[in-house]
Number of protein chains: 2
Amino acid sequence: MDETCVNVKRLEENEEQCTDEDKTDQDKTEEKLISSNEHSWKPWQQSRSRIRECVLYVKKVLVSFASMVWYCYALLGIITALMSFFMDMTVAKLLNAHQWLYGCLSGHHLLQFLCWTLYPACLCALSTSFAHSICPFSAGQLHIHLRAVWLWMDMPDYLSLSNLFAKLFGLICTLASGSTVFLGKVGPFVHLSIMVGAFMSRLHVSCRGGKQRAAKGEMLVVASAVGVASCFGAPVSGVLFSIEVMGTHYSVRDYCPCFFAAACGAITFRLLSVCSRDQETTQALFKTSFSSDLPYQPFEIFIFALLGLFCSILSCIYLFCHRWALRFVKTNKPISRLLATEKSLYSAIVAFLLACFTFYHSAGHFIAAELTMKQLLTSLLDGTSWYSVSQNASALPEPQKTFWQAWNPPGKSYFQTLGFFITAKVGLLVVACTLPLPAGYFMPVFVYGAAVGRLAGEGSAYLLSDGISSAKSLINPGSYALAGAAAFSGAVTHTLSPALLALEMSGQCSHAVPALVATLVSNAVARAKHRPSFYDGISLIKQLPHLPSLIRACPKLWFCHVFYVFSCLPDSPILLGTINKSQLREHLHQHRNEGLCKQLEEVCCIQPVRLHLTPESTVKQAHCIMSATGEQRLFITESGRLCGIITWKEMKKIIKEMATEV
Amino acid sequence: MDETCVNVKRLEENEEQCTDEDKTDQDKTEEKLISSNEHSWKPWQQSRSRIRECVLYVKKVLVSFASMVWYCYALLGIITALMSFFMDMTVAKLLNAHQWLYGCLSGHHLLQFLCWTLYPACLCALSTSFAHSICPFSAGQLHIHLRAVWLWMDMPDYLSLSNLFAKLFGLICTLASGSTVFLGKVGPFVHLSIMVGAFMSRLHVSCRGGKQRAAKGEMLVVASAVGVASCFGAPVSGVLFSIEVMGTHYSVRDYCPCFFAAACGAITFRLLSVCSRDQETTQALFKTSFSSDLPYQPFEIFIFALLGLFCSILSCIYLFCHRWALRFVKTNKPISRLLATEKSLYSAIVAFLLACFTFYHSAGHFIAAELTMKQLLTSLLDGTSWYSVSQNASALPEPQKTFWQAWNPPGKSYFQTLGFFITAKVGLLVVACTLPLPAGYFMPVFVYGAAVGRLAGEGSAYLLSDGISSAKSLINPGSYALAGAAAFSGAVTHTLSPALLALEMSGQCSHAVPALVATLVSNAVARAKHRPSFYDGISLIKQLPHLPSLIRACPKLWFCHVFYVFSCLPDSPILLGTINKSQLREHLHQHRNEGLCKQLEEVCCIQPVRLHLTPESTVKQAHCIMSATGEQRLFITESGRLCGIITWKEMKKIIKEMATEV
């Protein structure tokens, strides 16, 4: 009986702070209002109180229609879309500045060379130093953690405001280096949107209090969907991406919020481009205008499947080179020392070397290096075949003419440039992936796939230039580029959502079947024999953790929050159940005098413990159960004897330690 | 020690049959081959053995590339698509026959009336009697069980071959009744595809053996996605539908198979329509050709949101009427007695009354009753506004002219017909929903929503007939019909996938934003205040089960498979862990003589039990944990003492009993 009392007391001490948290914040706001009314010396009292009333009324009306969390989701989508849009605008301005400067210097080869090489080198150095000096977490390779467990914890550093700006600035610098460095936006942008999601979740908690954990977990999953949706204005692929990236951690109750927030983000993103007079109406980001009367002949599906096969083989080569490069950078002594001490210098050197290669007068004019990534994708997705264009190239309108000239430098045909582009870019991309700066690796892979598809499409169009069968319809190489982009990026990342993303980005529903066929074939081949994906490759090389057993991860199980333990045997306690703390305290207060002689069962109702785990359970299993059932704590018992309790907070701590150990 | 021995023995007896199952079926096939070789008297021995070798070789090659289950998924998709296609073809022929007969009788009003009314009445009676006499499970309302738990169990009757054909035949009859009865295909078709999925899963088990449970559960989830995908040739919405319909039961490991099988189904379905010369190439089912240069003005998004709001209000009215009708049918004595005894008669009477109302010379010519459901949807989704058509209607090409005449009967404008259609169809649809035959309720709702959207679109086009702003672009009422269809069907079913389904069915990616906005708004309003959805409404009226606590569902917990129990206290056993059965038997065999004096721990290693539940856990919780962790059994303990074990099989049995009780 003595032991029980001690435990009960300990419990009271430990949980004191929780009761304050239990009070809803609504009560607090009301208390504040009352207290602020006491300061009668403040000016404009009447008008202020009227405004306050209005605000409270608006809040009441809003909450009466939908729960507060939905407004947070909408806000998350809108803020992320704003961020994405203004980032795109800044990057476009920086790229224009570079192109303008480069144009001004025409005639002076040396100055042009310096302009071409130093601009990205400086930007990459800046990006790296910014990312690493403000916050070491914001480095590029971290976005792969998304897949594992990082999403599920508070990491104040990882999701702080300073980190957000560091990452934002770093990402803008990376993107402004343009197609020289050839890196994308998605990965870090998803991280940014998760940071915004963390803020929203704090906002929501401060609005309502309680249900902190659930809302937070959901908010972060939603944020990952919003990230992709706002990046490309593609809501459904955002949702599919979040399902794929979260894997078994995805809970279906997040589906609706994901969809809603992603739609808000995508619509805002598209409306912003209307407001800025880029587009007349809300349209797809890389809008194509394929002929929709007869998009493709049925037999072309076979060519699309072959294209998928080819893309998957290329993806295996690319992934092999990528792993090799990562291993080389890690094991080569001079480079690894340079990377450990002078990250910015390393970035500058690599960017300079890449720029040297892509300079127009070296190899640049074989790989259309003067086009930005957006222009590259637009030119590759163009609906008219270059074979037909080559017959009257002079009659082209302006943007198409630039693209045509970029892919058809004097003395080379577009087959040669495309072939050289595909060969050279593997190496360049692998080198760029070793840069320690915030950067996405999806877009480059997507563009690369589009080039592969374009080559296949142009080849088919050339071979079948007389039109197919009786219909005399011409092959559309743009659709091959679309399917190739989806297939290659799907094969590299082992995901299927790129198929839908390609369709949403280009606004071409009519080519759903080709994109799907190519992506499915390439995924099937790429995943066969358990080959590692891009993310798995990084995890392998960097030896990131898999989830070990509970006992290994946390040898001394946390033993603080024992609620009620009935000791039946002398040696160790046997768990009977838990008691509602407040109820217990109330009873203790009421029966202070007679009190402690009574059996505890008479005083309060003992809630049985529903879930037991043994110390042999793995962390993953415990995490899985916690996520699935929403339990806040699990009891660890061994033949009924309580060994310890693991809470959700503890769980996050364990996983965090595991992740930071590496 | 004695108790231990007894338990071990019981275990041996109980689990004898399991060992045989552990043998992979591959071994069995090889054994069979060897035994069949002994029958040397059979003819063509050489050629047969060569064929057998070839088959085995092909199987080996296939399996070396991908696991057998993937071929099953592909086959599932292909078979379902074939079923869907041939069903559509049969229905089209039956509808044509009806139209031809009706046309032949023109001039004879009475004969026309009989033809118009008796054809659907007979078909409905046939459908009902077929569905109920062959198998009572195949009745219409059952498809709502999908949402709950039915997917997760073997129910031999529910998934039998006879039931498949009964349902298939019944569904064809229902669909052939046409727009008179105004019922759709999706719900029962998903059930059909789940039946095919059950066969596939049996095929897979017979191919490989083992892992029966996991494969089966997956196969059924996949089948639900395939059902929708093959019904409309829309793969991605199929996947989203399966996520939404399975709710918390959806496991993300099913995502990839779902996507793959749905793509196979959708592609096959589209290719079949190419082969049958319906279409020149694989296209969307209800392909629209909206102008894609300027699909809509940004300010129209506001009108789309209002349309969503209007649709949600209408959906609330519809759902209220629907629940009222179901309750009326259940409580009204003559009707409920008729329904209990003479289902076919009831169907025939209701279909006859519906047909009387929709006959051309009664109210039929106000609601475009001569158009089939496909024609209705096609005419409503047409891209040109009827306002512009009305100015030169005589110049229209053939199909459009029929549609135009149907919506513009002499003396009525299309506004009046649309308005009357929307008013009258609520009542007709509610009456049709009480019919006890296999029918889907999604398509009618979708068409109804399209009519609502068309009315809004035509209204806007009429009011803004001079073109909007400076761009002089005209409003496209077809896009309003699209958004309205998505919004209304989303609001009725409380799902978001109709937005994507509308886009995939029409092949209009450019109108993603309007459809999404309208669907989100309508869903938000429809779900507010926890209003019941269409499916919830049926569950409410029919009092279908929610998941109760384990103890209530199964008072005598199953106590058969005790593996190893160490009795530490005299009164009840305390669970230590499990022992590998085969290991134990082996040791018992080896040490038969010295044997039973040794401590069991010395003989074999005791595997600790990782998960405990208490009798207070709910069935839902146990089911959730089993699905999430893939555990085959859960131990129920109370303060360490074993109360019972619940296996996956048991779990299914409990849920089945709960479902059939009602």
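Counting restarts for each chain: residues are numbered from 1 in the order of the written sequence. Chains and ligands are labelled sequentially in the order written, the chains with letters from A and the ligands with numbers from 1. The predicted nature of this model means local features are confined to residues of pLDDT at least 70 and side-chain atom pairs, given and counted, to a pLDDT of 80 or more, with totals for whole chains, interfaces and linings taken over all residues.

Quick look at unusual backbone geometry
Residue and element names in this part refer to chain A. Not every positive phi belongs to a glycine, and Ala368 is a case in point at roughly 50 degrees. Only DSSP runs of H or I covering at least 4 residues are called helices, and only runs of E covering at least 2 are called strands; the numbering of each starts at the N terminus. By the secondary structure assignment, Ala368 is in the loop between helix 14 (343-358) and helix 15 (373-380). Here His494, not a glycine, exhibits a phi torsion of approximately 55 degrees, which is positive. Relative to the helices and strands, His494 resides in the loop between helix 20 (477-493) and helix 21 (497-506).

Re the packing of helix 11 (residues 255-275) of chain A against helix 22 (residues 512-527) of chain B
In this analysis an axis means a line fitted to C-alpha atoms, helices contributing only their contacting stretch, and an angle means the value between N-to-C directions, from 0 to 180 degrees. Remark: helix 11 of chain A packs on helix 22 of chain B, axes separated minimally by 11 Å, with the N-to-C direction vectors making an angle of 135 degrees. By the criterion of interaxial angle, the relationship of helix 11 of chain A to helix 22 of chain B is oblique. Pair helix 11 of chain A / helix 22 of chain B crosses with left-handed handedness. Contacts from Phe260, Ala263, Ile267 and Arg270 of chain A in helix 11 of chain A reach Val513, Leu516, Val517 and Leu520 of chain B in helix 22 of chain B. Ten residue types, Ala, Val, Leu, Ile, Met, Phe, Trp, Tyr, Cys and Pro, are classed as nonpolar, four, Asp, Glu, Lys and Arg, as charged, and the remainder, Gly among them, as polar. The residue makeup of the contact of helix 11 of chain A with helix 22 of chain B, split by class, is 7 nonpolar, no polar and 1 charged. By the definition adopted for this analysis, an angle is roughly parallel if under 35 degrees, roughly antiparallel if over 145, roughly perpendicular if from 65 to 115, and oblique otherwise. Take the far helix as your reference; a near helix turned counterclockwise from it by less than a right angle gives a left-handed crossing, and one turned clockwise gives a right-handed crossing. Note that contacts rest on C-beta atoms placed from the backbone: two residues are in contact if these are within 7 Å.

What about the environment of Phe86 of chain A?
Within the fold, Phe86 of chain A resides in helix 5 (residues 68-104). Counting along the chain gives 253 residues from Phe86 of chain A to Leu339 of chain A, while the straight-line C-alpha distance between them is 32 Å.

Examining the domain arrangement of chain A
All names here are of chain A. For the domains described, the bounds stem from an automatic or database domain assignment. Segmentation of chain A into domains returns domain 1 (68-275), domain 2 (305-390 + 402-542) and domain 3 (550-661). Contact residues are listed per partner, giving 44 residues for domain 1 and 39 residues for domain 2. Elements supplying a minimum of two residues to the side of domain 1 that touches domain 2: helix 6 (109-134), helix 7 (161-176), helix 8 (186-208) and helix 10 (235-246). It is helix 6 that contributes the most residues to the side of domain 1 that touches domain 2, 13 residues altogether. Of the residues belonging to the side of domain 1 that touches domain 2, the class tally is 22 nonpolar, 18 polar and 4 charged.

Some remarks on the UniProt feature "transmembrane region" (unreviewed entry) in chain A
All names here are of chain A. UniProt positions are given in the numbering used here, feature names are shortened, and annotations may be inferred rather than shown by experiment. Under the local residue numbering, the UniProt record ascribes the feature "transmembrane region" (unreviewed entry) to residues 68-87, 164-183, 189-207, 219-243, 301-325 and 345-368. The span residues 301-325 shows a helical share of 100% and a strand share of 0%, and its end C-alpha atoms are spaced 36 Å apart. For residues 345-368, helix accounts for 58% and strand for 0%, while the C-alpha atoms at its two ends are 27 Å apart.

Section: helix 14 (residues 343-358) of chain B
Take the residue count of a helix, subtract one, and multiply by 1.5 Å to get its expected span. The end-to-end C-alpha distance of helix 14 of chain B is 23 Å, a good match for the 22 Å that 16 residues give at a rise of 1.5 Å each. Of all the residues in helix 14 of chain B, the buried ones are Lys343, Tyr346, Ser347, Ala348, Val350, Ala351, Leu354, Ala355 and Thr358 of chain B. Our exposure labels follow a C-beta count within 10 Å of each residue's own C-beta, placed from the backbone: buried means 20 or more other C-beta atoms, exposed means 12 or fewer, and partly exposed covers the counts in between.

Let's talk about the confidence of the model for chain A
Detailed reading of the predicted model is not advised wherever pLDDT is low. All names here are of chain A. Every residue carries a pLDDT, the predictor's confidence in it, which falls somewhere between 0 and 100. Within chain A, residue pLDDT values average 76, and 70% of them lie at 70 or more. For chain A, per-element mean pLDDT is lowest for helix 1 (residues 2-14), which scores 36, and highest for helix 20, which scores 94. Counting contacts from residues 138-145, a segment whose pLDDT is below 50, to residues more than four positions away or on other chains yields 26 contacts. Counting contacts from residues 147-154, a segment whose pLDDT is below 50, to residues more than four positions away or on other chains yields 21 contacts. Both confidence scores are given for the complex: pTM 0.77, ipTM 0.74.

Things to note about the packing of helix 12 (residues 300-331) of chain B against helix 18 (residues 414-432) of chain B
Angle between the axes and distance between the axes: these two values describe a pair of packed helices. Residue and element names in this part refer to chain B. Direction vectors running N to C along helix 12 and helix 18 enclose 40 degrees, while the axes themselves pass 9 Å from each other. Helix 18 is crossed by helix 12, and the crossing has right-handed handedness. Every residue of helix 18 that contacts helix 12 at Ile317, Tyr318, Cys321, His322 and Ala325 is listed here: Val426, Val430 and Val431. Grouping the constituent residues of the contact of helix 12 with helix 18 by class yields 7 nonpolar, 1 polar and no charged.

Digging into the environment of Asp88 of chain B
Residues and elements named next belong to chain B. You can see Asp88 is positioned in helix 5 (residues 68-104). Judged by C-beta crowding, with 21 C-beta atoms within 10 Å, Asp88 ranks as buried. When the C-alpha atoms of Asp88 and Phe415 are compared, they prove to be 31 Å apart, with 327 residues separating the residues in sequence.

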